[in-house]
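Structure assessment
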Amino acid sequence: MSTQKKILRRGIPFSPEVAPLVTRMPAVDEYRESLLRLQGVWDSLSMLGQMSGTLPDIAATRSAFQALTETLLDSLGRCLLNNVVAHMRNQGQVAIDILVRNLFERTADIGFLSTDTTVREFMQASIGEPNAAQRRQLELRFADYAAKYSVYDDIVVLSPDGRVLARLDPTIEPPPCREAWLAQALAGAPYVEHYGPSPTMGGRPSLLYAAAIRSGHQTLGVMCLSFRLADEMRGVFQQLLSADDAAVIALVDAQGAVLASSDRWQLPLGAVLPPADAARKHQHLRFAGREYLSVAAAANAYEGYHGPGWSACVMVPIDQAFEPRSDDSASSVPENVLERIDTQALFNDELRGIPQEALRIQRDLSRVLWNGKLQPAAAGSSMAGSSMGFAATLLREVGLTGERIRQVFDQATHQLHLSTLTAVFEQARHHARLAIDIMDRNLYERANDCRWWALDGVLRQVLAQPPEQRDASAAAAVLARINGLYTVYSLLVLFDTQGEVIAVSDPAAASWRGQTLDAPWVRETLALRDSQSYAASVHTPSPLYGDRATCVFAAALRAPDAHARVVGGIAIVFDGEPQFEAMLHDALPQNSETDSVASLFVTRSGIVVASSDARWSVGSAAPLPPGLPALARGAADTAVIDIDGTAYVAGYAMSGGYREYRSTSATAPDDVAGLMLLRLGPHAPAATPAMPAFEPAVPGSHLVSTLSIASFLCDGQWLGIPATAALQALQRPRLATIANAPPHLLGMTMFEGQLLPVVDVALLRTRRATTDIDAPVIVAQGPHGQRFALRVDALGPVFEVPESQLQPVQQSAHSGERLVRGHKQMLALLDMHKLMASSGAVKLPGDVMA
């Protein structure tokens, strides 16, 4: 519960973070109006009853309802706000983290491409000024590179004095470069990352990666890659925002300037946002005359790389922030899940306490009204008929109003719990999407790598030679250099058209040289028709990976001659175990308990590809949601599944590819899905159906002799005593135990200055004790004024029946009792003499009944 000073809004005190927003929350406003309207009716009835003297004072119950109303509405408001903020934070965190992962790959690309043999040979031949043929040859190589790594829109090589020697985009003819990033690259930085308007890029804002091109200790020039930032962010935004999502996602720099925006009309490029307050989860800000809810997400480092120092900002107009979305997971929450599963662990003490407090207040109201109904019964004929009718009507209306308030409380509490549960479903689906998106983007890079390395001049030349003339050591050196830069691979393998291994990247795997590969992907590789194609294995055990399961990507190498025949292939063995595990770990919800969450990659048929939880090993059967096998590519959903008697929310998302990598809609058996499991709780025991209220089959009438009965429930049986013998129902009176008393005698309680024995009626009759500590206690009085108390399970109606309808009980164990026939049940009217005898089983002090 919030301990901050509350702020009054529309008659209800709210927490400071909710108060400015509560008027924009339709659900809160609806319940507030209903409760205040009903409480106004109740106040009028209470005042009328007090003025007429026909209604007991219910001020304490009214105050309790008011306090719970305030707690409930404030909790609902905070829950709705937290859910919206969590959704926004998820969007922002994915946007910036996905970008940082992407840019990390660019830092590896520039390091590799700046050492490319063809580039280096061109630079050595171009000392002075390159000829047109040399320039054209290199630009074609750049085009080949960009066709595989489609994240780049330009590739440039510059001389040390800043002249452009060759580039992918021939439409730009800049002056010699004098920008700071060129000097930094020439100074020997492993790579330089720069964003801003660049004359080298025609003056447009560009995200550039640069590194020096060297030959030994000589610096020949600088290689520069221009990243397609706007295009990349457009795809990220489209993936994160549904068609009716009111949010705007922006990429901002350290000064708050907008670099990319999902809606340039609302949040234009170059606009400067107020600095984010790191101590606050969200901000309430005004921008361009409109109020927004704003959430900032800083980048998480990946492999030690923190990105350019940017962050993501998600803004939602406040007047739309709490409207339902088409992708709202509330529609995915199964019906009656709150009743079927014990989800209490998901709720804090405040949320768990609201239904309990509502039940306590309702019981207290029932007790007050029950006592009020005893007054006319005790007065009997001394009360005028009109007064008795007015009192009965007033009591009935107060009871009905209290019941309507309870129903609103139940609906609002259900909404509160459903909102909390919806957030869990949203989280599961979101993190499943994140996991599979990380995997798709990672494997996109792998497909690019094998195709690019298949163009390496040294590797192609080695394979083009006759077997006896092949320089395997030169090929191995190239593979080792590549593998040293790209540590996500376990092994790189070069093989000829017979599948014979010519060279490997790891000297420890040199025993593979001369062996023949016969996996299906080898034949597929040698049959590839162009340099844009590649082959990939399914996730399966591979001898190249120690017979552990992984993925192998391969591309064909062609002879460096006019015929360009296939002379072999290059295979890159993905280091699947640690890499997939790292992806799943990065996709887990932050600050989650390790025993309550698990993430997996699984195939459509339910085979585990990787798992963050030791319960599911690679190759074993996964806990599969029913909808996963038929899920469309790129789609996501949620379900509740059972694992060892515990219910989990399963968020699952099918791979949809990334850019050119497996981005078709056609499904395949080896499609992989991300599966996120969040524990809900154990299955709840079947609820005992509530006993219907007792209704006499033949109601009383003023034309016949009647008996007024005060009824109550004990161990599933309707019982009663004459209403004239029932003085008052108490709620949780203090009990003093009695030494050596029989089990049904619970102790003594004080009432009107008298110590009274308390009998557990259920234990007395059925040997099954009442366990509810809030069970009411009825003070009863025998025909000679002896008083005692009865603990019962619940209070029932006070009603009249014709005495002629009372039927004696034939069983000897219950002789003296009489039966009252109801519409659906029977009620036993207890024998007051037997009750008094049971309560007088011990000798009581003084003049108290023994």
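Our structure's up above, just so we're on the same page.
These notes cover the structure that comes with them.

**Notes on the overall build of the protein**
- When you go through the protein residue by residue, the secondary structure sums to 15 helices and 35 strands.
- Relative to a compact globule of 850 residues, whose C-alpha radius of gyration would be 29 Å, the protein shows 39 Å and is clearly more extended.
- Across the 850 residues that make up the protein, the buried fraction comes to 52%.
- Contacts in the protein between residues far apart in sequence, at least 24 positions, make up 64% of those at least 6 positions apart.
- Carbon and sulfur atoms form 52% of the exposed surface of the protein, whose accessible area is close to 37300 Å².
- Here the protein contributes 71 positive and 87 negative side-chain charges, whose respective centroids are spaced 3 Å apart.

**Details of the sheet that holds strand β25 (residues 706–714)**
- The sheet built from six strands is open, its strands ordered β32-β25-β26-β35-β34-β33 with mixed pairing. Looking at strand neighbours, the two that pair on one side only are β32 (794–802) and β33 (807–808), the edges of this open sheet.
- With six bridges connecting them, β25 and strand β26 (residues 717–722) associate as antiparallel partners. The residue bridging Leu 713 from the neighbouring strand is Trp 718, located in β26.

**A closer look at the packing of aromatic side chains**
- For the coordinates displayed, the defined rule picks out 17 aromatic pairs.
- Pairing Tyr 145 with Tyr 149 gives two aromatic rings, centres 4.4 Å apart and planes at 20 degrees, and the pair type is stacked.
- A relative accessible area of 1% means that Tyr 145 is categorised as buried.
- Residue class for Tyr 149 comes out buried when judged on its relative accessible area of 1%.
- Both rings, one in Tyr 145 and one in Tyr 152, keep their centres 6.1 Å apart while their planes meet at 25 degrees; by these two values the pair is stacked.
- Residue placement shows Arg 548 over the ring face of Tyr 545; its charged tip is 3.9 Å from the ring centre.

**Side note on empty space enclosed by the protein**
- Inspection of the entire model under this criterion finds one cavity of 30 Å³ or more.
- Looking at the largest cavity, its volume works out to about 110 Å³.
- For the lining of the largest cavity, the secondary-structure elements that each account for two or more residues are α2 (59–113) and α9 (385–453).
- Residue contributions to the lining of the largest cavity peak at five residues, all from α9.
- Classifying every residue of the lining of the largest cavity by side-chain character gives three nonpolar, two polar and five charged.

**Brief notes about helix α3 (residues 117–125)**
- Considered for burial, the residues of α3 that qualify are Val 119, Phe 122 and Met 123. Within α3, the buried residues cover an arc of 95 degrees as seen down the axis, which keeps them to one side.
- Check the buried side of α3 and you find it contacts α2, α4 (132–148), β3 (152–158), β4 (164–167), β6 (205–215) and β7 (218–227).
- With a side-chain oxygen positioned 3.2 Å from the backbone nitrogen of Thr 118, the residue opening α3 is Asp 116.

**What about the side chain of Ser 599?**
- Tracing the backbone shows Ser 599 in strand β20 (residues 597–603).
- In terms of polar contacts, Ser 599 uses its side chain to reach the backbone carbonyl oxygen of Leu 584, at 3.3 Å.

**Some words on the packing of helix α10 (residues 457–464) against helix α11 (residues 472–485)**
- Axis separation between α10 and α11 bottoms out at 9 Å; the angle between their running directions is 150 degrees. When the interaxial angle is binned, α10 and α11 end up roughly antiparallel. Crossing angle aside, the handedness with which α10 passes α11 is left-handed. Only Ala 474, Ala 475, Val 478 and Leu 479 of α11 make contact with α10, whose side of the interface consists of Val 458, Leu 459 and Val 462.
- Considering only residue class, the contact of α10 with α11 consists of seven nonpolar, no polar and no charged.

**A few points about the pattern of salt bridges**
- In total, this model carries 34 salt bridges according to the counting rule given.
- One salt bridge connects Asp 74 with Arg 78, and the closest N-O pair in it is separated by 3.2 Å. One end of the pair is Asp 74 and the other is Arg 78, both in helix α2 and four residues apart, which spans about a single turn. We note that Asp 74, like Arg 78, is buried.
- Residues Asp 364 and Arg 367 are paired through a salt bridge, measuring 2.5 Å at the closest nitrogen-oxygen approach. Here Asp 364 and its partner Arg 367 are both found in helix α8 (residues 349–379), three residues apart, which amounts to about one turn of the helix. One exposure class covers both Asp 364 and Arg 367, and it is buried.
- In this structure, a network of salt bridges that share partners links the residues Arg 228, Asp 231, Glu 232, Arg 234, Asp 437, Arg 441 and Arg 659.

**Quick look at the state of the cysteines**
- Within this structure, the stated rule accounts for zero disulfides.
- Cysteine Cys 551 shares no disulfide, and the gap to the nearest cysteine sulfur, in Cys 450, comes to 12 Å.
- Cys 551 gets classed as buried once you look at its relative accessible area, which sits at 9%.

**Describing the side chain of Asp 154**
- In this structure, Asp 154 sits in strand β3.
- Owing to a relative accessible area of 0%, Asp 154 belongs among the buried residues under this scheme.
- Only 2.6 Å separates the side chain of Asp 154 from the side chain of Arg 167, close enough to count as a polar contact.
- Other than its neighbours up to four places away in sequence, Asp 154 contacts Arg 167, Leu 168, Asp 169, Ile 172, Met 201, Arg 204, Cys 224, Leu 225 and Ser 226.

**A look at the packing of α3 against α4**
- Taken N-terminus to C-terminus, the directions of α3 and α4 make an angle of 160 degrees; their axes are 11 Å apart at the nearest point. Between α3 and α4, the crossing angle belongs to the class labelled roughly antiparallel. As for how α3 packs across α4, the hand of that crossing is left-handed. On the side of α3, the interface is formed by Thr 118, Val 119, Phe 122 and Ala 125, while α4 contributes Gln 134, Arg 135, Leu 138, Arg 141 and Phe 142.

**A few points about the nonpolar core**
- One finds Val 157, Met 223, Leu 251, Trp 453, Leu 494, Phe 580 and Phe 601 to be the most contacted residues of the largest nonpolar core, which totals 162 residues.
- It is α9 that contributes the most residues to this core, 24 residues altogether.
- Here Phe 580 is in contact with Met 439, His 539, Cys 551, Phe 574, Phe 601, Val 609 and Ala 610, once residues within four sequence places are set aside.
- Core analysis: the second largest hydrophobic core is formed by 27 residues, Ala 710, Leu 719, Ala 725 and Ala 726 among them.

**Concerning unusual backbone geometry**
- Backbone geometry at Asp 547 places phi at a positive 60 degrees, although glycine is not the residue there.
- Along the chain, Asp 547 turns up in the loop between β16 (540–542) and β17 (548–550).
- Residue classification places Asp 547 among the exposed positions, given a relative accessible area of 57%.
- Despite not being glycine, Asp 644 has its phi angle at roughly 55 degrees, a positive value.
- Relative to the assigned elements, Asp 644 resides in the loop between β22 (636–643) and β23 (646–654).
- Residue Asp 644 is classed as exposed on the basis of its relative accessible area, which comes to 71%.

**Re the sheet that holds strand β10 (residues 283–287)**
- Sheet architecture is open: five strands sit in the order β9-β8-β12-β11-β10, paired in antiparallel fashion. Of all the strands in the sheet, just β9 (258–261) and β10 have a single pairing partner and so form its edges. Pairwise comparison of adjacent strand axes, ignoring direction, gives a mean angle of 35 degrees for this sheet.
- Here strand β8 (residues 248–252) runs beside strand β12 (residues 311–317); their pairing, made up of five bridges, is antiparallel. Each residue of the ladder has a partner; that of Val 248, found in β12, is Met 315.
- Sheet strands touched by helix α6 (residues 229–240): β8 and β9. Its angle to β8, the strand with the most contacts, is close to 145 degrees.

Scoring rules and cut-offs
- Residues numbered from 1 in each chain as written.
- Predicted model: local features only at pLDDT ≥ 70, side-chain atom pairs only at ≥ 80, totals over all residues.
- Heavy atoms only, no water.
- Helix = DSSP H or I, 4+ residues; strand = E, 2+ residues; numbered from the N terminus.
- Rg over C-alpha atoms; globule rule 2.2 N^0.38 Å.
- Buried < 20%, exposed > 50% of the residue type's maximum accessible area, 1.4 Å probe, protein only.
- Contact = heavy atoms within 4.5 Å.
- Areas by Shrake-Rupley, 256 points an atom, 1.4 Å probe, with all protein chains shown as cover.
- Lys, Arg positive; Asp, Glu negative; His and termini not counted.
- Charge placed at Lys NZ, Arg CZ, Asp CG, Glu CD.
- Pairing = 2+ DSSP bridges.
- Phe/Tyr/Trp six-rings, centres within 6.5 Å; stacked < 30°, edge-to-face > 60°.
- Lys NZ or Arg CZ within 6 Å of the ring centre and 35° of its normal.
- 1 Å grid on protein atoms, 1.4 Å probe; cavity = no way out; pocket = protein on both sides within 12 Å on 5 of 7 lines; lining within 4 Å.
- Points joined across faces, edges and corners; volume = space filled by probe spheres on them.
- Nonpolar A, V, L, I, M, F, W, Y, C, P; charged D, E, K, R; others polar.
- Arc of directions from axis to C-beta.
- Polar contact = N/O pair within 3.5 Å; in protein donor to acceptor, adjacent residues only side chain to side chain.
- Axes fitted to C-alpha atoms, helices over the stretch in contact; angles between N-to-C directions.
- Parallel < 35°, antiparallel > 145°, perpendicular 65-115°, else oblique.
- Left-handed = near helix turned anticlockwise from the far one by under 90°.
- Salt bridge = Lys/Arg side-chain N within 4 Å of Asp/Glu carboxyl O.
- Disulfide = S-S within 2.5 Å.
- Core = buried A, V, L, I, M, F, W, Y, C linked by side-chain atoms within 4.5 Å.

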